[in-house]
Amino acid sequence: MPKPIFVLSGPNLNLLGVREPDIYGHETLLDIQARCSRRAAEFSMTVEFRQSNHEGVLIDWVQEARTAASAMVINPAGYGHTSVALLDALKTLAIPVIECHLSNPAAREDFRRHTYVSLIAAGVVSGFGGASYELAVEAAAGLVGAVRA
Ligand code: CA2
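The rules behind each value
Residues numbered from 1 in each chain as written. Predicted model: local features only at pLDDT ≥ 70, side-chain atom pairs only at ≥ 80, totals over all residues. Heavy atoms only, no water. Pairing = 2+ DSSP bridges. Helix = DSSP H or I, 4+ residues; strand = E, 2+ residues; numbered from the N terminus. Axes fitted to C-alpha atoms, helices over the stretch in contact; angles between N-to-C directions. Near = heavy atom within 4 Å. Polar contact = N/O pair within 3.5 Å; in protein donor to acceptor, adjacent residues only side chain to side chain. Areas by Shrake-Rupley, 256 points an atom, 1.4 Å probe, with all protein chains shown as cover. Nonpolar A, V, L, I, M, F, W, Y, C, P; charged D, E, K, R; others polar. Buried < 20%, exposed > 50% of the residue type's maximum accessible area, 1.4 Å probe, protein only. Parallel < 35°, antiparallel > 145°, perpendicular 65-115°, else oblique. Left-handed = near helix turned anticlockwise from the far one by under 90°. Contact = heavy atoms within 4.5 Å.

1. A few points about the sheet that holds strand β5 (residues 123–126)
- Taken together, the 5 strands give an open sheet; going across it, the order is β2-β1-β3-β4-β5, and neighbouring strands pair in parallel fashion. If you trace the sheet from one side to the other, it starts and ends with β2 (47–51) and β5, each paired once. Taking each pair of neighbouring strands and ignoring which way they run, the sheet shows an average axis angle of 20 degrees.
- Across 3 bridges, the pairing between strand β3 (residues 71–75) and strand β4 (residues 97–101) is parallel. If you follow Val-73 over to β4, its bridge partner there is Ile-98.

Put into structure tokens, the structure is as follows:
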């Protein structure tokens, strides 16, 4: 079995399905985790799905992924727009990184147009709600050479 795809979510995404459904939809993060696991299984892969509200915790997980993951999907949430430290950690990875967002940040406020993560991401999936994560997992599987079982 290959190493898992790390799927990391940043601050406030634990509130999915509870607040602001008009922007972020009705699905919970648990629903999205199930979607990612199912999609990964189609490629005989697994996901390690985690969320934190804390920048340092996310950075620790990125560092863990250096040896424990075959690829990374990350929704950095607000930290994508602000965190040079998260970018520095991501830059140490030799595995593919896919950035994903539930909404389409480019269609929102100007300050959401830039993310530090995009500087190192192999690609970005935005605007499809929970499906953004699923599509990102599929892209990650493809980048590590996994084929549909
Ligand atoms: O669209 C996305 O996935 C974002 O990464 C979400 C971030 C935002 O800062 C990015 O620009 C785009 C915000 C996450 C907030 O999550 C909430 C979920 C439910 C209720 C309130 C906030």
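2. Considerations on the site of the ligand
- Close to the ligand lie 16 residues, the nearest being Asn-75, His-81, His-101, Leu-102 and Ser-103.
- Here Asn-75 contributes a side-chain N or O atom positioned 2.8 Å from an oxygen atom of the ligand.
- When the ligand is considered free in solution it has 510 Å² of accessible area, and contact with the protein chains removes 93% of it.
- Considering only residue class, the shell around the ligand consists of 7 nonpolar, 6 polar and 3 charged.

3. Points about unusual backbone geometry
- Unlike most non-glycine residues, Asn-12 shows phi in positive territory, near 80 degrees.
- Position of Asn-12 among the secondary structure elements: in the loop between β1 (5–9) and α1 (21–24).
- Notably, Ser-44 is not glycine yet its phi reads approximately 55 degrees, a positive angle.
- Summarising the element assignment, Ser-44 is placed in the loop between α2 (29–41) and β2.
- You can call Ser-44 partly exposed: its relative accessible area is 37%.

4. Some details on the packing of α2 against helix α6 (residues 130–143)
- Here α2 crosses α6 at 25 degrees, and the two axes come no closer than 9 Å. Relative to α6, α2 is oriented roughly parallel. In this structure, the crossing between α2 and α6 has a hand that is right-handed. Contacts between α2 and α6 involve Leu-29, Ile-32, Arg-35, Cys-36, Arg-39 and Ala-40 from the former and Gly-130, Ala-131, Tyr-133, Glu-134, Val-137 and Glu-138 from the latter.

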